[in-house]
Every structure is written in C-alpha cells, then in structure tokens.
Amino acid sequence: MRIRVLIACGVLWVPVWATAADDMPRTPSGRPDFSGTYDIATLTPLQRPERYGDKLTLTEDEAAALANREATYIAGRNAPTDPERAAPPQGGDGSTGAAGNVGGYNAFWIDRGSGGFQIDGKWRTSIITDPANGRRPPLTKAGTAAAARRAKMYRPNKGEAWWIKEGVEPGPYDDPELRPLAERCLLGFGSTGGPPMLPVLYNNLKRIVQTDDHLMILVEMVHDARIVRMNAEHAPDDVRSWLGDSVGHWEGDTLVIDTTNFTDRPALSGATRNLHVVERFSRLDEDTLLYQFTVEDPTVWTAPWSGEYAWPATSSRVYEYACHEANYSFGGILRGARILEQEALAQTDDD
Amino acid sequence: MGSGDLLSYIWNVKHWLAAAGAALLLAAPPLTAQGPGFEPSRFADGKPDLNGIWQAIGSAHYDVERHVARSALMLRDGPHGPLPAVEVLALGAVGAVPGGMGVIEGGKIPYTPEAAKLREENRARWIERDPEVKCYLPGVPRAVYMPFPFQIFQNESSVFITYEFAGAVREIYMEDVGPPETDAWMGQSVGSWDADTLVVEVTGFNGQTWFDRSGTHHTNQLKVIERYSLASPNHIQYEATIEDPGVFTRPWKISMPLYRRMEPDARIMDFKCVEFVEELIYGGFRRNPLPRGASE
C-alpha cells in the first residue's frame, strides 16, 4: 500500500515540478506552498439571496452596494451614543443580531469583512455553487425533523421560562450538554472550524503551516488546530473527533483534504456523525488561496452541496482565543434559566 | 574546525545526492546514528528538522522539584503524619504522586520567602487552585512536560506547536514581532537559532498558569528562554531558563529529554477537556443537579 502511494505521488509530482514556471510560492519539494495567515471574512453569504436565482456573479455596482451597506451599518453602530438617551427598558430594547436584546456586542467586535470576494475577476452572489441556485439542497425527512426540534428549542431570550409554560421536557437550558457548542467553548460558532470552514461574524483568521507530511490549519476561534495527515488512512471508525479526521493528498497543484469520523455534533449546523467533507486548496494568485468544499451527509441533505471562496493572505497575527478560561457567561446562562424557572413556577402557583 | 568541515562536506554531499535524484538518495547508506557524530535531518538552509510528535517522560508534571513519592497531591494532617485530603481520598494509589529526581538544576525553585508561602497555600488547596484541574491553557514550560504528546510543525519559515492537552497551541514567531501586545495563557513565543539549537523566548504571560501540580506559581513578569536541541534522531534535549523578579530570587534552569513518539500511528488525539470539566464547573447549575460529593 505504502509503496503504491509513493509511486503514485512520484508520477504526479515529477511533471508538476518540471513545469513549475509560474510565480506560485512552492516548497522545496516542488509543491504549492499554502503556508501563511488568511483573513477569510467576506460579506458574500453562504447561501445566495433568492432574488438572484441561478445568477452566480454580481455586477460591479451590486458588489459596491454590498460593501457600502456594511460600511454604513458599521459607521452607524460606531456613532457616539446620545448622552441624553434614557436607560434601555427592563428586559432589553428588542434589538436583534449579534448585539442581542441587551446590547452585548457593539460594532467593535464585528468583523465580517469590508466586501464580497472575487473569483477570476467576478464578484460572487454566494459561497455555495452547487446546487445551481446557490442554496443548500432540501433536507431529508430526518433532517427536517431535526431542524424543527432545533427551532423549537433555540429561541431568542424574552426573559421568561417558556419551556415551563409550554411543558417542554427537557428544557433548552436544563443541562450544559443541551447548549450550543460555541456557548460551551467547545468549538467556534458557525462552522468557523468546520469542515467546511466558513466565514463568521468575527475572528476569521486562519493560520496554515505546511510541511511535506502535514498541513496544520489553526482556526482562530477557540484555538482549534486541524491537523491534516498527508497520504494517510482515516482513523478507525470508532475514533471520532470534534473536527473530524482529516487526511490529505495532492492532485496536481491542488491539495485535497478528506474528512470523516465526526462526533454526533460536527461544527457544521445540522450535520451528523455521517458527515463527509472534501476540501480543496489551490491558488488564485500570489496572495490568495481558493478554498473549495463539498459536503455530504445523506442523513440530513438530499444531495451533496459544494461551495468556494477566496482566502486572502493577511499580515495580521493570530492572538490567543482563550474562550473557556473566561467563559463567565455560560454559568450565568444556566443560573439565569434557573431564576426564570423559579419565577415561572411561582407565577403558576399564584394562578 | 575539522568537525565543521566534515559537517559541511556531509551537507554538500547530501545536496548533491538530492539533486541527483530520489533513487540515489534511497540507495545512499544511512548516516551515522547517535553520539557526537549524529547528523540531524536538515532543511535546505541547514536548520535541523524538529518536525514530529514528542513527549516528556517523568514526574515533572507532578512536581518539578526533586521529591520522594507522596500519598496524594493534596494532604491533611493525620495522627502519624500527612494523609490524603478528603477531596482526593477515593483515588487511592491512583492519586499518589510518583517520586522524581527533579528537573531543576540544584533541585529547588528559588522562591522568595513570601512566594514560597503562597506555594504552600496552593498545595494545601491544590484541587481548587491548579489551573490544570479546570482545563485552562497550561502555559510554558508546563505544556512541554505534561503527560500528553505535542507536535512540532516546522518548515523553512515557520515553527508551530500544537499540544494535545486542552488543544493548546503556540506559534513560535521566527521574526521580531515586538513586545507582546496583550497577555496570554501561552505567552508570546519568539524563536531564533543558536547554531543547531532552537531558542525560544517566551514573555507576555498572564500570570495565571503554574509549572506543575504542586502549587508552583509565578507572576505575569515570567520570562522563559527555551532551548530545543536534537540530541539523536529520536530525542530533543530541552532546557528552559526561568526568570520572574516577582517571585524568584534568581533565574533558574530546568532540563529534560523530550522523546519522539515512535508508534507508527502516533498522532495528536482530541483532548478537549473543556467538555470533561463541565460537570465540575457548571454541574451545580443544572436544573436537576446530580450529587456533588460522596456524602450526598
């Protein structure tokens, strides 16, 4: 097996080396060198807004409008607060988004980039490219049921223990294990660690260190290091891990990563332990990687789906993201729920 | 000079072989093994190749000082001498501390009297205070000799280390990045080469980590200068000089070998202990808490 792998690599490798007359950074062994730090923030959404239909690209004007909208939003959020304003009402002012109902985050925290991304000089309408409408394929029956369960459990906090009133058992805050992985500091949110690694609201840096045998991808959020073993076999089926088991190989100048062996709760929302992700790294230009992925989870989606986006290099450094060490909010969330439950039960007694 | 010439000769031959093609390289006789003649695998610029999965063996993670075995990490007074504290009693022999000759030059940490007193308090309340118990990032040098493997990723321009415990990571910046812009559990690491030794200066700590399970604290003025030297194809000689004017009367030095994990399927496994300590930290906030102690 090992000998066959070596021979296969040799056949692929020699011509690549021989024709490497480009400016692409390469390792001494002749492979494209993807080492670097990348800021993958983008305003282009994962799923295409339905108004674009099957349209893959944006015009220059549409792309400029996307960037302007964000710039205006951020400028507005950064404007000084009216010193004469009244205190927010008890229970929050009803604002939505990352700031939450009580103004948890201001614009300082938010960094989803300043524009969309281009591939071959064209702005894109979405990260997803397959299906052709740029949206995830329909859910299976099981996927639909699971999504309905999640929607029922995860609701905005309105300051009351609705699960007591509605008799939902178990309640969404009953145990730490029932809370989202990001709230628990187990993984970053929104599939930032992936795979597939997707852009999120903030902390979008990725640090790649490539050697001949490994590709290490540091995910800024929750300092998750994905270790891709090159030309290796997957771990046995009973060895499961949060970011899955990743093995890589070269197809010409493209690095292909195959990931399986997930736990019951992969980073990708909705996915199950049957998730299978194939990622492909190649180079768009000297400063930009092309990141492509295909997601397969027949338990959840009726078809595989694929996407691609640009990873621009950055001179930023990745600072430590010590999530768990300062996770004061998680205990607060659980204790808060206990108080809301006591209030709800007291109310029931009064009735 | 003679040995330098020899190295450069070997070096040139290696390059010539590489240029001549893979077949010749494979056919070349193996270079000499351990000992003074040991020639490490090198990058094109001559830097030794530290890539691999490494792990310390020993009892430094219990106690970096020279120590005989003791019955538990946390002790209380007994009628005839110290006994395991209630919190760790049930662990029996599993909770005992193996002895060790220590990894410190001179055997003892040169704590100031006040700092030594705090170390004793930390020991007495070990289970509440050791950051390892709560799965906090272990800091440096503790991460290096915990009983978990770590992996060095090194290429021509970068050195990066991932640790199995808590999924801790460290970039070793191989360029001047200026003073630390913020403090961190793992500090800020800046590397350089002193001949064949990777020297890493680590500063920018937050002062909340320890050196072992024996209460060995420090402040955020901690400065660690590490030296990683390949001593054979399969072990690194590790040294660290430790300074902290806040708690030590002088700099002190630890050293130990780090061994290559030789299993063909060796790898860094998941050890996201954040999940494992949820019951400890948050279990009391469950809607229906489970018993929290043996007496309940």
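Residues numbered from 1 in each chain as written. Chains lettered and ligands numbered in written order. Predicted model: local features only at pLDDT ≥ 70, side-chain atom pairs only at ≥ 80, totals over all residues.

Asks: Now, about the overall build of chain B: what can you tell me, with residues and values included?
Replies: Within chain B, the regular secondary structure consists of eight helices and 11 strands. Residues classed as buried in chain B amount to 33% of the 296 residues present. A separation threshold of at least 6 residues defines the contact pool for chain B, and within that pool the share at least 24 residues apart is 60%. (Helix = DSSP H or I, 4+ residues; strand = E, 2+ residues; numbered from the N terminus. Buried ≥ 20, exposed ≤ 12 C-beta atoms within 10 Å, placed from the backbone. Contact = placed C-beta atoms within 7 Å.)

Asks: Can you break down the overall build of chain A residue by residue, with the values?
Replies: Tallying secondary structure elements over chain A gives five helices and 13 strands in all. Taken over the C-alpha trace, chain A has a radius of gyration of 23 Å; the compact-globule value for 351 residues is 20 Å, and the two agree within 12%. Viewed in the frame of its principal axes, chain A has a C-alpha envelope of about 80 × 50 × 40 Å. Buried residues in chain A amount to 30% of all 351 residues. Contacts in chain A between residues at least 24 apart in sequence constitute 62% of all its contacts with a sequence separation of at least 6. (Rg over C-alpha atoms; globule rule 2.2 N^0.38 Å.)

Asks: Give a description of the sheet that holds strand 1 (residues 52-56) of chain B that names residues and reports values.
Replies: Residue and element names in this part refer to chain B. Spatially, the nine strands close up into a barrel ordered 1-4-5-6-7-8-9-10-11, and their pairing is mixed. In this sheet, adjacent strand axes meet at a mean angle of 30° when their direction is disregarded. Pairing of strand 4 (residues 150-154) with strand 5 (residues 159-163) involves five bridges; the strand directions are antiparallel. Within strand 5, the residue paired with Phe 150 across the bridge is Tyr 163. (Pairing = 2+ DSSP bridges. Axes fitted to C-alpha atoms, helices over the stretch in contact; angles between N-to-C directions.)

Asks: Explain helix 5 (residues 328-350) of chain A to me, using residue names and the numbers behind them.
Replies: With 23 residues, helix 5 of chain A should cover 33 Å at 1.5 Å per step; its first-to-last C-alpha distance of 33 Å lies within 8% of that length. Listing the buried residues of helix 5 of chain A in full gives Leu334(A), Ala337(A) and Leu340(A). Residues of helix 5 of chain A that are buried in the fold lie against helix 8 (278-282) of chain B. (Expected span 1.5 Å × (residues − 1).)

Asks: Let's hear about the interface of chain A and chain B: which residues, and what values?
Replies: If you look at the interface, chain A gives 35 residues, while chain B gives 31 residues. A total of six residues in the side of chain A that touches chain B trace back to one element, the largest contributor, which is helix 5 of chain A. Taken together, the residues of the side of chain A that touches chain B break down into 15 nonpolar, nine polar and 11 charged. (Nonpolar A, V, L, I, M, F, W, Y, C, P; charged D, E, K, R; others polar.)

Asks: How would you summarise the environment of Trp193(B) if you had to cite specific residues and measurements?
Replies: Residues and elements named next belong to chain B. As for its position among the elements, Trp 193 is in strand 7 (residues 188-194). A tally of 13 C-beta atoms within 10 Å means that Trp 193 is categorised as partly exposed. Taking the C-alpha atoms as reference points, Trp 193 and Arg 227, 34 residues apart in sequence, are found 9.3 Å from one another. Those residues in contact with Trp 193 that lie beyond four places of it in its chain are Lys 47 and Leu 198.

Asks: Talk me through the nonpolar core; I want residue IDs and the actual numbers.
Replies: Among the nonpolar cores identified, the biggest contains 94 residues, and Met216(A), Ala143(B) and Ala168(B) are the most heavily contacted of them. Here this core gets five residues from one element, more than from any other, and that element is strand 7 (residues 214-219) of chain A. Discounting chain neighbours no more than four positions away, the residues touching Met216(A) are Ile208(A), Val209(A), Ala225(A), Ile227(A), Phe153(B), Phe160(B) and Thr162(B). (Core = buried A, V, L, I, M, F, W, Y, C linked by C-beta atoms within 7 Å.)

Asks: Before we move on, can you summarise the pairing of strand 3 (residues 81-84) of chain B with the specific residues and values?
Replies: Two faces make up the sheet, and in a regular strand the side chains alternate between them. All names here are of chain B. Judged from the four bridges that link them, strand 2 (residues 75-78) and strand 3 form a sheet pairing that is antiparallel. Residue pairing in the sheet places Leu 75 in a bridge with Pro 84 of strand 3. Linkage of strand 2 to strand 3, two consecutive antiparallel strands, is achieved through a turn of two residues.

Asks: Could you give me a rundown of the sheet that holds strand 11 (residues 276-285) of chain A, with the residues and numbers involved?
Replies: All names here are of chain A. With respect to topology, 10 strands assemble into an open sheet ordered 1-6-7-8-9-10-11-12-13-5, the strand pairing being mixed. Because the sheet does not close on itself, it has two edges, and the strands there are strand 1 (36-39) and strand 5 (128-130). The mean inter-strand angle of the sheet, taken between neighbouring strand axes irrespective of direction, is 25°. By the bridge criterion, two bridges tie strand 5 to strand 13 (residues 305-312) in an arrangement that is antiparallel. Within strand 13, the residue paired with Asp 130 across the bridge is Ser 306.

Asks: Before we move on, could you go through the pairing of strand 7 of chain A and cite the residues and values that matter?
Replies: Residue and element names in this part refer to chain A. For strand 7, a buried count of five out of six residues is recorded, marking the element as mostly surrounded by other parts of the structure. Looking at chain direction, strand 6 (residues 205-210) and strand 7 are connected through five bridges and run antiparallel. Paired with Gln 210 across the strands is Leu 215, a residue of strand 7. Following strand 6, the chain reverses through three residues before pairing antiparallel with strand 7. Where strand 7 meets strand 8 (residues 224-230), six bridges bridge the pair, whose relative direction is antiparallel. Looking at the pairing, His 214 lines up with Arg 229 of strand 8.

Asks: Run through the confidence of the model for chain B, naming residues and quoting values.
Replies: Summarising the model, chain B shows a mean pLDDT of 90, and 86% of its residues fall at 70 or more. Counted against residues more than four places away or in other chains, residues 1-35 of chain B, with its pLDDT under 50, gives 12 contacts. (pLDDT = per-residue confidence, 0-100.)

Asks: Describe unusual backbone geometry, and please don't skip the residues or the numbers.
Replies: Negative phi characterises most residues that are not glycine, and trans characterises most peptide bonds. Of note, the amide linkage connecting Glu169(A) to Pro170(A) takes the cis form, showing an omega dihedral of -10°. Mapped onto the elements of the fold, Pro170(A) is located in the loop between helix 4 (162-165) and strand 6. Following Val140(B), the chain continues to Pro141(B) via a peptide bond in cis, the omega torsion being 10°. When you line up the elements, Pro141(B) lands in the loop between helix 5 (126-129) and helix 6 (142-145). Backbone geometry places Ser191(A), a non-glycine residue, at a positive phi of 60°.

Asks: Could you give an account of the environment of Ile104(B), naming the residues involved and the relevant values?
Replies: Residue and element names in this part refer to chain B. Relative to the elements of secondary structure, Ile 104 occurs in the loop between helix 3 (86-89) and helix 4 (113-124). Take Ile 104: there are 19 C-beta atoms within 10 Å of it, and that puts it in the partly exposed class. Once residues within four sequence positions are removed from consideration, Ile 104 is found in contact with Val 64, Glu 65, Ile 109, Trp 252 and Ile 254.

Asks: Kindly report on the environment of Gly58(B), identifying the contributing residues and their values.
Replies: Residues and elements named next belong to chain B. Inspection of the secondary structure assignment puts Gly 58 in the loop between strand 1 and strand 2. By the C-beta count within 10 Å, which is 16 here, Gly 58 ends up partly exposed. It is 9.2 Å that separates the C-alpha atoms of Gly 58 and Met 146, two residues lying 88 residues apart in sequence. Sequence-distant contacts of Gly 58, defined by excluding residues within four places in its chain, comprise Gly 100, Val 103, Tyr 145 and Met 256.

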